[in-house]
Amino acid sequence: MTMMNGAEILIRCLQEEKVEYVFGYPGGAVLNIYDELFKQDKVKHILVRHEQAAVHAADGFARASGRAGVAIVTSGPGATNAVTGIATAHMDSIPLVVISGQVATSHIGQDAFQECDTVGITRHCVKHNFLIKNVRDIAITLKKAFYIARTGRPGPVVVDIPKDVTSDRYRFEYPAELQMRSYMPITKGHSGQIRKAVNLLLKAKRPVIYAGGGVVSSNASDHLVALARRLNFPVTNTLMGLGSYPGTDSLFLGMLGMHGTLQANMASQHSDVLLAIGARFDDRVIGNIENFSGMQRKIIHVDIDPSSISKRVRVDIPVVGDVADVLDAMNRLLDAEQDMPDVGEWWKMIKEWRAKQSLKYSMGKRIMPQFVIEKLWEITKGKAVIASDVGQHQMWTAQYYKFDKPRHWLSSGGLGTMGVGLPYALGATFAGLGKPVVCVTGDGSIQMCIQELATAKQYGLPIKIILLNNHFLGMVRQWQELFYEGRYSQTNMNFQPDFVRLAEAYGHVGIRVEHPKDIEPALRKAFEDHKNDLVLLDIHTCPDANVFPMVAAGKGLSELMLDKNSL
Amino acid sequence: MRHIISLLLENEAGALSRVAGLFSARGYNIETLTVAPTEDISLSRLTIVTKGGDDVIEQITKQLNKLVDVVKVVDLSEAAHIERELMLIKVRATGKDRDEMKRMTDIFRGRIIDVTDSIYVIELTGTCSKLDSFIHAIDRSLILETVRTGVSGIGRGDRILKL
């Protein structure tokens, strides 16, 4: 068997794992790896402008494609810059393999140049991490890394490789099979529990299906749709679950939680049977925990991670298993049933909540951000892949862009990381979905990874950036308005760059939009005339616009405010 | 409620930090923690004494199981078990205190394992509360130094924690 250096072994591992794209940034400790990347063309490297963006782009790629994302960063600052990206992926259970360079083994612990304890630093924000100390261990470790990242509840795995390990030589042999005695994720749900769950569903009078990101990561949308339609049960999605149930379907109540619709929140609160699927009763979703738990209802919780069950809310019927597998089993049991529960009365109540049109907003002379998202949905026919940043624009997109398919909504839900939008969009363009990729962002968020406009130009990525520019850190401003008597402490960005000229400086197209009537033409220009260009639409929106409905911190789901007068 | 959680984990660099880090990151408390390789050197056995309500202990067990290096977890205190801790205690032993210290050591079935004109080092094994009782039973001002290993535990009878 031919001997090769560690770096080549590493690249061969990536090839074996069918990795098509890696997102990265070179540096001293990864020189050997970059040299081997140079000598082959199967694994294509996308050069970003900041390591944080490398990990975000790999994350965006993973969210859009369903495959594991891969990033390569150098030691020290390369690795520390990657941490935000890793933590973001960890909170949202996104499969990633992040390869970081490390100083040579003989230098570890010597405070060497660009040395940091990457395994120690990332330990709390990874699913698992490895430090490879011997060239012999590269292949088995990479095999484990991909296996751990993809299976069970997915997550990021960091593989730290010292420079000498990438120059040492060994033979390459990629293990075909892998058995880990300490890691054996459960996949199949317990049939007895599934039977119990179905029996409870069949007795429900006021059911709600509450579906989260787990439905997306387990590719279980079709199963969810089949289940809901068969039972005629209302469905609500978490922020992470959007798209797992068609947003335009009549059974869909919209998103629930802090900025959920009235019907989704009221129905969840007043349900008698709540079927939680791949969701984790997050504080932004259920509001005040005592208020939520105080209601008499039975909860069925389907999740692949046993530690998600009864973590925040006691559940009555836990089902641990892969969401797709469990839903499939439920559907099969339902196929044998003749009588579906009568939920007619319940739908009447829901229709009353729906009739209150909690997402209604009034138009003025200024551009309302909600209107922009509605127009975006119209012009893209609801089919674009939308990456968002974090803040008001994120919530408006979640509320007004009716996602019909999973993996079309890429957003940092758990960690709430500003700056992910543009790199997510970058990554998503490589996922091969054949759909327009849009980044909806704000004037705060876009500036956190603005340097990636250069990457987009280098690779000719025709991303459309919808910048909802309100000259404020809008979400914080909203809280200051509502809960801090309008003291806008440090949320007014008095100076901002000319975003149109900034886009142009990077070789892109920039269009400024200031009047409601110009939105549609500008969007058409971006999506039709400049189909193949990156277009930044700098849309100056009404600075006072707030995200409603809103469940204030500490309040229960049914105590939501429809506007600021209902405080 | 006090619980003794026992686990088998891969004997790998960083495995202990993952366990200890989990407790600090999630705000669980650790009263004692002991770890050493088992007869199979690829595995370490770790015993943690912690306190918490049933919900917290359930989460601790699940979170520990989720760590990739952890092979098996049991809550020993769920059933009959034996716990032991070793303490070495260095005391001033002069004059009348010298005899008294010897007597107390005998009563607690300890052993004096180092002797100078003025000092004893006493070795004592037992449950945590036995060791606590010894400390309370002797004159506190005579204690120069104590070192305790933390609790090791094992299930009674055919309750076996093995792969």
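Draft legend 1. Layout of the overall build of chain B. Scanning chain B from terminus to terminus reveals four helices and nine strands. Counted from the first residue to the last, chain B has its helices and strands arranged as β-α-β-β-α-β-β-α-β-β-α-β-β. Across its three principal axes, chain B shows a C-alpha extent of roughly 55 × 35 × 35 Å. Per-residue burial for chain B yields a buried fraction of 44% across its 163 residues. For chain B, the proportion of contacts with a sequence separation of at least 24, taken over those separated by at least 6, is 73%. Of the charged side chains in chain B, 23 are positive and 24 negative, and the gap between their average positions amounts to 2 Å.

Draft legend 2. Representation of the layout of surface pockets in the model. Counted as a void, the second largest pocket has a volume near 1300 Å³. Element by element, the count of residues in the lining of the second largest pocket is highest for helix H1 (residues 15–25) of chain B, at five residues. For the lining of the second largest pocket, the per-class residue count stands at 18 nonpolar, 13 polar and 11 charged. Split by domain, the residues of the lining of the second largest pocket number at least three in each of domain 1 (3–171) and domain 2 (191–354) of chain A.

Draft legend 3. Looking closely at the packing of H1 of chain B against helix H2 (residues 54–66) of chain B. All names here are of chain B. At a minimum axis distance of 10 Å, the contact between H1 and H2 shows a crossing angle of 145 degrees. As for how H1 packs across H2, the hand of that crossing is right-handed. Residue-level inspection shows Val-19, Leu-22 and Phe-23 of H1 in contact with H2, the latter providing Ile-60, Gln-63 and Leu-64.

Draft legend 4. How the structure looks around the sheet that holds strand E16 (residues 409–410) of chain A. Residue and element names in this part refer to chain A. One open sheet accounts for six strands, arranged E16-E15-E17-E18-E20-E19; its pairing is parallel. With one partner strand each, in any of the chains shown, E16 and strand E19 (509–513) form the two edges of the open sheet. As paired elements, strand E18 (residues 464–469) and strand E20 (residues 535–540) share six bridges and run parallel to each other. From the neighbouring strand, Ile-465 faces E20, where its bridge partner is Leu-536. Lying on the sheet, helix H16 (residues 369–379) is in contact with strand E15 (385–388), strand E17 (437–442), E18 and E20; it crosses E18 at an angle near 165 degrees.

Draft legend 5. Geometry of the interface of chain B and chain A. On the chain A side, the residues contacting the 22 residues of chain B number 18 residues. The contact between chain B and chain A buries some 1600 Å² in all, and 45% of this surface belongs to carbon and sulfur atoms. The largest share of the area that chain B buries against chain A comes from Arg-18, Lys-62 and Val-68 of chain B, three residues that together contribute 39% of it. On the surface where chain B and chain A come into contact, there are four salt bridges. Of the charged contacts, one joins Lys-66 of chain B and Asp-305 of chain A as a salt bridge, the two residues approaching to 2.8 Å between their closest N and O atoms. At the boundary of chain B with chain A, the tally comes to 11 residue pairs in polar contact (both at pLDDT 80 or more). Elements with a minimum of two residues in the side of chain B that touches chain A: H1, H2 and strand E4 (70–75) of chain B.

Draft legend 6. Representation of the state of the cysteines in the model. Residues and elements named next belong to chain A. In the structure shown here, the tally under the stated rule is zero disulfides over all chains. Free cysteine Cys-439: the closest other cysteine sulfur is in Cys-449, separated by 10 Å. Cys-439 sits in the buried class, given a relative accessible area of 0%.

Draft legend 7. Layout of the confidence of the model for chain B. Model confidence for chain B is summarised by a mean pLDDT of 96, while 100% of its residues fall at 70 or above. Confidence metrics for the complex model read pTM 0.96 and ipTM 0.93.

Draft legend 8. Here's a closer look at the domain arrangement of chain A. Residue and element names in this part refer to chain A. Each assigned domain of chain A is listed with its residue range as follows: domain 1 (3–171), domain 2 (191–354) and domain 3 (369–547). Just the C-alpha atoms count here: the centres of domain 1 and domain 2 sit 37 Å apart. Contact residues are listed per partner, giving six residues for domain 1 and six residues for domain 2. When the two sides are added together, the surface that domain 1 and domain 2 hide from each other amounts to roughly 530 Å², 53% of it contributed by carbon and sulfur. Across the contact surface, domain 1 and domain 2 share one salt bridge.

The rules we used
Residues numbered from 1 in each chain as written. Chains lettered and ligands numbered in written order. Predicted model: local features only at pLDDT ≥ 70, side-chain atom pairs only at ≥ 80, totals over all residues. Heavy atoms only, no water. Helix = DSSP H or I, 4+ residues; strand = E, 2+ residues; numbered from the N terminus. Buried < 20%, exposed > 50% of the residue type's maximum accessible area, 1.4 Å probe, protein only. Contact = heavy atoms within 4.5 Å. Lys, Arg positive; Asp, Glu negative; His and termini not counted. Charge placed at Lys NZ, Arg CZ, Asp CG, Glu CD. 1 Å grid on protein atoms, 1.4 Å probe; cavity = no way out; pocket = protein on both sides within 12 Å on 5 of 7 lines; lining within 4 Å. Points joined across faces, edges and corners; volume = space filled by probe spheres on them. Nonpolar A, V, L, I, M, F, W, Y, C, P; charged D, E, K, R; others polar. Domains from an automatic or database assignment. Axes fitted to C-alpha atoms, helices over the stretch in contact; angles between N-to-C directions. Left-handed = near helix turned anticlockwise from the far one by under 90°. Pairing = 2+ DSSP bridges. Buried area = accessible area lost by both parts, 1.4 Å probe. Salt bridge = Lys/Arg side-chain N within 4 Å of Asp/Glu carboxyl O. Polar contact = N/O pair within 3.5 Å; in protein donor to acceptor, adjacent residues only side chain to side chain. Disulfide = S-S within 2.5 Å. pLDDT = per-residue confidence, 0-100.

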